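# Geometric and topological summary
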Amino acid sequence: MEKAKKQFMLAICQSGFPEAHQNQTALAICRCFSREAGFTWAGGLALGGGGAINGQPLEKLGGMMRNVRKALDLAAGALAAGSPVPEEACALIRKPLVPGWIYLLMGNLMWKMQARKNGSSKKMNDRPYEPT
Amino acid sequence: MNTLILNGSPKNNQLAEKICESLSEELNAQNYKSNLLNLSDIEIAPCLGCFGCWVKTPGVCVIDDAGRDIARTYMCSDMVIFISPITFGGYSYV
């Protein structure tokens, strides 16, 4: 009987939280799926602060994305060589895109501007379902 | 005391049904008011990720469906119990 081809599984998770570690649960679930489905786990890359990317090409975002691009290049190279993603790539992509306080400041400003645009800025702290 | 039981198991899951039944019986015996919701029987739209519940209708989903009633029941409960299968380490999506 022919031996089944070894299949790798790599997971890349990003979220709007500034901290990359917020993706660890999602990556752990992917790793669990990989094991149950018979894949070889190639690694998990966790990226925080995804709001700063906002769907734009990584090249267009300049130096802010240098670690992300480098990490993806390292991961792609390792996979092409049939190896798991190196720890260096995981560590690089985990690095904050901008300092946390700048991300939060800009994020909060953006949410407030959007609420104002929708005429709901005075309702932002509402708790509509809370029993009175 | 108002208790809400959210059953996120697939339909006809006998184990979950038994757990819910036993829980309801026990809560009623303790004079708790229990409310069991089998989420697989309820049409709830998936999250669009639109953030409308932040910037358009704060605290309320922009989709007007049973999800709003469940959120209200949740907030008015003194205790909430989740029943969920674990799939690849994650809890039920419903």
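From a predicted model like this one, the values you see are computed outputs, not experimental measurements. (Residues numbered from 1 in each chain as written. Chains lettered and ligands numbered in written order. Predicted model: local features only at pLDDT ≥ 70, side-chain atom pairs only at ≥ 80, totals over all residues. Heavy atoms only, no water.)

## Thoughts on the sheet that holds strand β2 (residues 33-38) of chain B
All names here are of chain B. The strand order across the open sheet built from three strands is β2-β1-β3, with neighbouring strands paired in parallel fashion. Every interior strand has two partners, whereas the edge strands, β2 and β3 (79-83), have only one. Within this sheet the neighbouring strands show an average axis-to-axis angle of 15°, counted without direction. Two elements, strand β1 (residues 2-7) and β2, share six bridges in a ladder whose sense is parallel. Counted as the bridge partner of Leu 4 is Asn 35 from β2. Its contacts with the sheet put helix α3 (residues 66-75) on β1, β2 and β3, and the angle it makes with β1 is roughly 140°. (Pairing = 2+ DSSP bridges. Helix = DSSP H or I, 4+ residues; strand = E, 2+ residues; numbered from the N terminus. Axes fitted to C-alpha atoms, helices over the stretch in contact; angles between N-to-C directions. Contact = heavy atoms within 4.5 Å.)

## Looking at the environment of Gly 44 of chain A
By the secondary structure assignment, Gly 44 of chain A is in strand β2 (residues 40-47). Ignoring anything within four residues of it in the chain, the contact list for Gly 44 of chain A reads Leu 10, Ala 11, Leu 27 and Cys 90 of chain A.

## Remarks on the confidence of the model for chain B
In the predicted model, chain B carries a mean pLDDT of 94, and 99% of its residues have values of at least 70. Model confidence for the complex is summarised by a pTM of 0.84, with the ipTM given as 0.77. (pLDDT = per-residue confidence, 0-100.)

## What about a nonpolar patch on the surface?
A contiguous nonpolar patch, built from Trp 101, Ile 102, Leu 105, Met 106, Leu 109 and Met 113 of chain A and spanning about 660 Å² of accessible area, is present on the exposed surface. Tracing the backbone shows Met 106 of chain A in helix α4 (residues 100-117). (Patch = residues over 30% accessible without salt bridge, like charges linked within 9 Å, V, L, I, M, F, W, Y side chains within 5 Å. Areas by Shrake-Rupley, 256 points an atom, 1.4 Å probe, with all protein chains shown as cover. Salt bridge = Lys/Arg side-chain N within 4 Å of Asp/Glu carboxyl O.)

## Digging into the interface of chain B and chain A
Residue-level contacts link 15 residues of chain B with 16 residues of chain A. Between chain B and chain A, the buried area comes to about 1,500 Å², and carbon and sulfur atoms account for 73% of it. A per-residue breakdown of the area chain B buries against chain A is headed by Val 55, Pro 58 and Phe 88 of chain B, which together make up 45% of the total. Here chain B and chain A share zero salt bridges between them. Taken together, the links from chain B to chain A amount to two residue pairs in polar contact (both at pLDDT 80 or more). Listing elements by their share of the side of chain B that touches chain A, those giving two or more residues are α2 (52-55) and α3 of chain B. In terms of residue class, the side of chain B that touches chain A is built from nine nonpolar, three polar and three charged. (Buried area = accessible area lost by both parts, 1.4 Å probe. Polar contact = N/O pair within 3.5 Å; in protein donor to acceptor, adjacent residues only side chain to side chain. Nonpolar A, V, L, I, M, F, W, Y, C, P; charged D, E, K, R; others polar.)

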